[in-house]
Structure formats: C-alpha cells, structure tokens
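# Coordinates in review
Letter by letter, the chains look like this.
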Amino acid sequence: MPELPEVETIKNTLKLLVKGKQIKDVSIYWPNIIKKPTDTEKFKYILTGQVFRDIDRKGKFLLFYLDDDVLVSHLRMEGKYSIHQSEEPAKKHTHVIFTFTDGTELRYNDVRKFGTMHLFPKGYEHTEQPLSKLGPDALANTFTSTLLYEKLTKTTRFIKTCLLDQTIVAGLGNIYVDEVLFKASVHPLKRGNELTNKEIQAIQEATVLILKNAVQKGGTTIRSYTNSHGEMGMFQQHLSVYGKEDEPCITCGNPIVKIKISGRGSHVCTTCQKK
DNA sequence: TTGGGTGTTGAGTA
DNA sequence: ATACTCAACACCCA
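Residues numbered from 1 in each chain as written. Chains lettered and ligands numbered in written order. Predicted model: local features only at pLDDT ≥ 70, side-chain atom pairs only at ≥ 80, totals over all residues. Heavy atoms only, no water.

### Things to note about helix H6 (residues 197-216)
An ideal rise of 1.5 Å per residue puts 28 Å on 20 residues; H6 measures up with 29 Å between its terminal C-alpha atoms. Every buried residue of H6 is listed here: Glu199, Ile200, Ile203, Gln204, Ala206, Thr207, Ile210, Leu211 and Ala214. Down the axis of H6, the buried set is contained in an arc of 165 degrees. They therefore lie on one face. Along H6, the residues that are exposed and aim more than 90 degrees away from the buried face are Lys198, Leu209, Lys212 and Gln216. Looking at the buried residues of H6, the elements they touch are helix H1 (4-18), helix H3 (145-152), helix H4 (159-164) and helix H5 (174-183). Where H6 terminates, the next one or two residues include Gly218, which has phi positive at roughly 80 degrees. (Helix = DSSP H or I, 4+ residues; strand = E, 2+ residues; numbered from the N terminus. Expected span 1.5 Å × (residues − 1). Buried < 20%, exposed > 50% of the residue type's maximum accessible area, 1.4 Å probe, protein only. Arc of directions from axis to C-beta. Contact = heavy atoms within 4.5 Å.)

### Considering the packing of aromatic side chains
Applying the stated rule across the entire model yields six aromatic pairs. The ring of Trp30 carries Lys113 above its face, with NZ or CZ at 3.5 Å from the centroid. (Phe/Tyr/Trp six-rings, centres within 6.5 Å; stacked < 30°, edge-to-face > 60°. Lys NZ or Arg CZ within 6 Å of the ring centre and 35° of its normal.)

### Observations concerning the pairing of strand E11 (residues 264-268)
Of all five residues in E11, four are buried, a share of seventy percent or more. The pairing of strand E10 (residues 257-261) with E11 spans five bridges and is classified as antiparallel. When the bridges of E11 are listed, Ile261 appears paired with Arg264. Between E10 and the antiparallel strand that follows it, E11, lie two residues; Ser262 among them carries a positive phi value of about 40 degrees. (Pairing = 2+ DSSP bridges.)

### Observations concerning the side chain of Asp110
Topologically, Asp110 is positioned in strand E8 (residues 104-110). Although Asp110 is buried, it makes no salt bridge; Arg112 carries the closest opposite charge, 7.1 Å away. In this structure the side chain of Asp110 is engaged in a polar contact, spanning 2.9 Å, whose partner is the backbone nitrogen of Gly115. (Lys, Arg positive; Asp, Glu negative; His and termini not counted. Salt bridge = Lys/Arg side-chain N within 4 Å of Asp/Glu carboxyl O. Polar contact = N/O pair within 3.5 Å; in protein donor to acceptor, adjacent residues only side chain to side chain.)

### Here we look at the sheet that holds strand E9 (residues 116-121)
The sheet built from five strands is open, its strands ordered E2-E9-E5-E4-E3 with mixed pairing. Both edges of this open sheet fall to strand E2 (34-36) and strand E3 (54-58), since each of them pairs with a single strand only. In this sheet, adjacent strand axes meet at a mean angle of 25 degrees when their direction is disregarded. With six bridges connecting them, strand E5 (residues 69-74) and E9 associate as antiparallel partners. (Axes fitted to C-alpha atoms, helices over the stretch in contact; angles between N-to-C directions.)

### Side note on the protein's contact with DNA strand C
Close contacts around DNA strand C come from 13 residues, with His93, Arg112, Lys113, Thr155 and Arg191 the closest. Residue Lys92 places a side-chain N or O atom 3.1 Å away from a phosphate oxygen belonging to DNA strand C. Taking His93, its side chain carries an N or O atom lying 3.0 Å from a phosphate oxygen of DNA strand C. Split by residue class, the surface near DNA strand C holds four nonpolar, four polar and five charged. (Near = heavy atom within 4 Å. Nonpolar A, V, L, I, M, F, W, Y, C, P; charged D, E, K, R; others polar.)

### Some details on the side chain of Gln50
You can see Gln50 is positioned in the loop between helix H2 (40-47) and E3. A distance of 2.8 Å separates the side chain of Gln50 from the backbone nitrogen of Asp68, its partner in a polar contact. Those residues in contact with Gln50 that sit more than four places away from it in its chain are Lys21, Gln22, Ile23, Leu66, Asp67, Asp68 and Asp69.

### As for the packing of H1 against H6
In contact at an axis separation of 8 Å, H1 and H6 are set at 40 degrees when each is read in the N-to-C sense. In terms of their interaxial angle, H1 and H6 are classed as oblique. Relative to H6, H1 is oriented so that their crossing is right-handed. Judged by residue contacts, Leu4, Pro5, Glu8 and Thr9 of H1 engage Leu211, Ala214 and Val215 from H6. Partitioned by chemical class, the residues of the contact of H1 with H6 number five nonpolar, one polar and one charged. (Parallel < 35°, antiparallel > 145°, perpendicular 65-115°, else oblique. Left-handed = near helix turned anticlockwise from the far one by under 90°.)

### Section: the domain arrangement of chain A
Interface size is often expressed as the accessible area that is lost when the parts come together. For chain A, the domain assignment lists domain 1 (4-121) and domain 2 (145-268). The distance between the C-alpha centroids of domain 1 and domain 2 comes to 29 Å. Domain 1 puts 15 residues into the contact, and the matching count from domain 2 is 18 residues. For the domain 1 and domain 2 pair, buried surface summed over both sides reaches about 1500 Å², with 61% attributable to carbon and sulfur atoms. Among the residues domain 1 hides against domain 2, the three largest losses belong to Pro5, Glu6 and Lys60. Together they make up 32% of the total. Joining domain 1 to domain 2, the criterion identifies zero salt bridges. Secondary-structure elements contributing two or more residues to the side of domain 1 that touches domain 2 are H1 and strand E6 (79-85). A class-by-class count of the residues in the side of domain 1 that touches domain 2 yields six nonpolar, four polar and five charged. (Domains from an automatic or database assignment. Buried area = accessible area lost by both parts, 1.4 Å probe.)

Listed below in structure tokens is the structure:
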C-alpha cells in the first residue's frame, strides 16, 4: 500500500503517539515478519525496557529510534501501526504487539503479512541491508536531476522500471510513478538511455512536486490505507492517471490506457506521453 | 465459483 | 544486464 507520502504521514502521526513510551513486553504472532534478529526471543529481549525516542523515514521505511537500537520497518502492501488500550481485543490481522508500561500498546497489523522488521544497534542501520541498498530519498536534497541523469542514461531499462527501483531513488511506488511520468510527459516504456536532459529534469521536478503535494494531502487512500489515527488520505482526489483507465485525459481528453510493465499495471495517456 | 488483480520486493530463470 | 514469473498472503470483484 504505502509509498513515500503515506509512510511520511504515518511517521508524523505515529511520532506523537509513541514518543516517550517504554516497552514492557513484545508479542509476536507471525514470526516471519521479524527478519533480524532471526531469533524472535532475542528480538523481544533486546526491545524490552527500551523507550521510543523518535521516528524517522527513508524511502518507504520507518525507523523507530529507541535508547540503544533502531527498528527498521517496511509496511509492504498493507502494513499498519496503531495505538490501543491493552484491554482492547486485537484485530484479525494483528501480528506484532509492543506492550507499554502505561497500559497502552503499539500494534502492527498486516492483512497480507508481507511487512518486514529489522533491528539494529544504533549506528548500524544505514550501513547494512535493507537501508544500505537504497538510493537517495526522493524528498532529500541529495535527489538531484544530475544524479538521476547519471543513473538513467547508462541503462536500457524502461523508465517506469527505473523509478520503481529503490536503489535509484527511494520512495516512489506504482501510483506515484504513473503520476510523475504523466506530469513529466514521458511514456513509461521509454528507455533510460533514450531520455533527454530536459525530460530527466522534468521527471525529477515532477517527483518532488507530486510527492510534496501528496504529503500535504495526507497520502492516497485507494482501498485500505489510513494513517496511525485511522484517517484516510485525500490525494486520491488529485490523481491524473492512476486508476483512470478509459477515463478522459485531463489535458487532451483522450482515454487513459492501462498497460502492463514488468508485471505492474501502468496508466498512460499515449497522446500526452510520447515514446 | 474461480481466476485475475491489488499501493512491494526479493529470488530464480532464460 | 534485463525482463519476466513466481512467491510470500489475504481479500475483492467480475
């Protein structure tokens, strides 16, 4: 589900809810979510007693900073965090519960169980997988058109595939890539090395504009995404192509078509986005 | 009823 | 190197 704007919104809403809370216990109902350490008893032991100090984000990853360690969490398709009273019964797809000393709990819910958690001693989180492989965050000032130009012009891959590749730029997913390429007037099947300097600049600028706008609108809710207060995003009202198959293009009026690129549904106006 | 599709990403294969 | 398929999993819809 969540791409950069959704994860950023979750970070902002969750930060206020967990800061200063001390972990009394951790319950794990689906161990496959815990990727490091592989021993879930060790995972629990390390976390117990620590206090949540801050939350950061890189690309689509949440970084929970505790006293001595950092919990790196990826929500994949449908992961969600929410705060509850301990007495409140857990929902159907709650897989990890962090019980706090004040009688509340942070619960991780994930219908499809694709999400991941990695625990690192502070200082090691960025130099080891999964974060070590990421390119610059799409909203960081290190994401420049110069850098994008260097990475794109030496590959023959489709631009859509490149923008989904988190080692090139971190944070874009299927919705926002389609929106970015429409705004930049670039066809998703254009190859990296076919792009002009001007097109790459347009892609970089569209990325920043769209993502900032989407963060400001609280993200995009298509079916299940909510922030950690349970509120929906509003950016779905501003989508130009994603989910608009057969609807008229807002620029030229021709119908948006849906094609498949590396297994992902891709929405494009073949009139506005030249190949 | 069943197969195809879903906001992600790694592995395997040709 | 690249593009595709599958797998992880549950649910929704035509």
